[in-house]
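A closer look at the structure
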Amino acid sequence: MSQLLSQGLVTETIKQDQFIRREAWAFYKSRKWKDKKGNHLQGKKLNRTIKRVINLCAIYLAHNVQLGPEGKYGSGVFPLYSRIGHHCVPNAHNSWNPTLKRLTLHTIHDIRAGDQIFVNYTGNVCRTRQQRAFSLATTWGIVCTCPACTEPAIDQLRRRMLIMDQALAAYECDASKDPDFAIKYGVPRLVTAREALKTAEELSHLLKRQRLCGMELCKTFRDCSKYALKAGLYDDALGYARKELDLERLLIGTETAHLIENLDGARYWLEHVRSEVGSNPS
């Protein structure tokens, strides 16, 4: 762990990287950019411009936020949001609203007056302490001391979550069809929809147990609904679809017209499940 935390910040590496500086210099020189007075940038002026651009790139790398599912609407930097701290069990969740053209922030848990607001910097919460520590240390220079990063028992739960997340990902892309999958990768081999459902249900229980009620839990409810529907367990499929909708409204609000494509929004998935159940009466 000490070796891991001794890694330099990615942003500082970018600022000091001579290759990046040379490439930026060549880029500006080749285009013969001019200043506001119409003079070609050269010498000290060009050097200051390059330094400023590299600094901006470093700021973007450390603070950019994806806009929409998987960055559908691009990414951006928001000064106020960038002041919010990290926690491995966050109490808030950000979401880009393309209708309002604003980054919105919704609380996951009750926050008392005076309490600090936290979000999760590292993305997927199904990661081990070492994985999170590396990302936090090298990008933001953060050494997290929350219970998830200091208590071995909690880290064991996160490791279990990682394995289940990997097993479900392999099931989704049919990689687990390989009979030797579990031996090769040390991840459970899921073959049937019922097996996938059981794994997704366990993952949802662990997420709730650790108060990780963000989009990962929303996605897991979707997986449970999807696998239940595939297995012909229609009541379960509807139940999990409703849970996803309730949680999604808490996380991003009710303005979800932009999520109709590919049934990304929980509301549209629930409508789809109701239609499928209606056409397949038990």
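Above this note sits the structure.
Residues numbered from 1 in each chain as written. Predicted model: local features only at pLDDT ≥ 70, side-chain atom pairs only at ≥ 80, totals over all residues. Heavy atoms only, no water.

1. Remarks on helix H4 (residues 43-63)
Spanning 21 residues, H4 covers 30 Å between terminal C-alpha atoms, matching the ideal 30 Å at 1.5 Å per step. Those residues of H4 lying buried are Leu46, Thr49, Ile50, Ile54, Ala58 and Ala62. (Helix = DSSP H or I, 4+ residues; strand = E, 2+ residues; numbered from the N terminus. Expected span 1.5 Å × (residues − 1). Buried < 20%, exposed > 50% of the residue type's maximum accessible area, 1.4 Å probe, protein only.)

2. Some details on the packing of helix H11 (residues 234-252) against helix H12 (residues 266-279)
Direction vectors running N to C along H11 and H12 enclose 165°, while the axes themselves pass 9 Å from each other. Here H11 lies roughly antiparallel to H12, going by the angle between them. In the crossing of H11 with H12, the sense of the turn from one axis to the other is left-handed. Contacts from Tyr234, Ala237, Leu238, Ala241, Arg242, Glu244, Leu245 and Glu248 of H11 reach H12 at Ala266, Arg267, Trp269, Leu270, Val273, Arg274 and Val277. (Axes fitted to C-alpha atoms, helices over the stretch in contact; angles between N-to-C directions. Parallel < 35°, antiparallel > 145°, perpendicular 65-115°, else oblique. Left-handed = near helix turned anticlockwise from the far one by under 90°. Contact = heavy atoms within 4.5 Å.)

3. Topic: the nonpolar core
Met161, Leu168, Leu203, Leu207, Tyr227 and Val273 are the most contacted members of the largest nonpolar core, which has 43 residues in total. Of all elements in the fold, only helix H7 (152-172), helix H9 (193-209), helix H10 (215-230), H11 and H12 reach the threshold of two or more residues within this core. Setting aside residues no more than four positions away along its own chain, Leu207 makes contact with Val125, Met161, Leu212, Glu216, Leu217 and Thr220. (Core = buried A, V, L, I, M, F, W, Y, C linked by side-chain atoms within 4.5 Å.)

4. Some points on the packing of H10 against H12
Relative placement of two packed helices is described by the angle separating their axes and the distance separating the axes. Two elements in contact, H10 and H12, have axes separated by 11 Å at closest approach and are oriented at 15°. As far as their axial angle goes, H12 and H10 are roughly parallel. Note on packing geometry: the crossing formed by H10 with H12 is left-handed. On the side of H10, the interface is formed by Arg222, Ser225, Lys226 and Leu229, while H12 contributes Ala266, Trp269, His272, Val273, Glu276 and Val277. For the contact of H10 with H12, a count of residues per class yields 5 nonpolar, 2 polar and 3 charged. (Nonpolar A, V, L, I, M, F, W, Y, C, P; charged D, E, K, R; others polar.)

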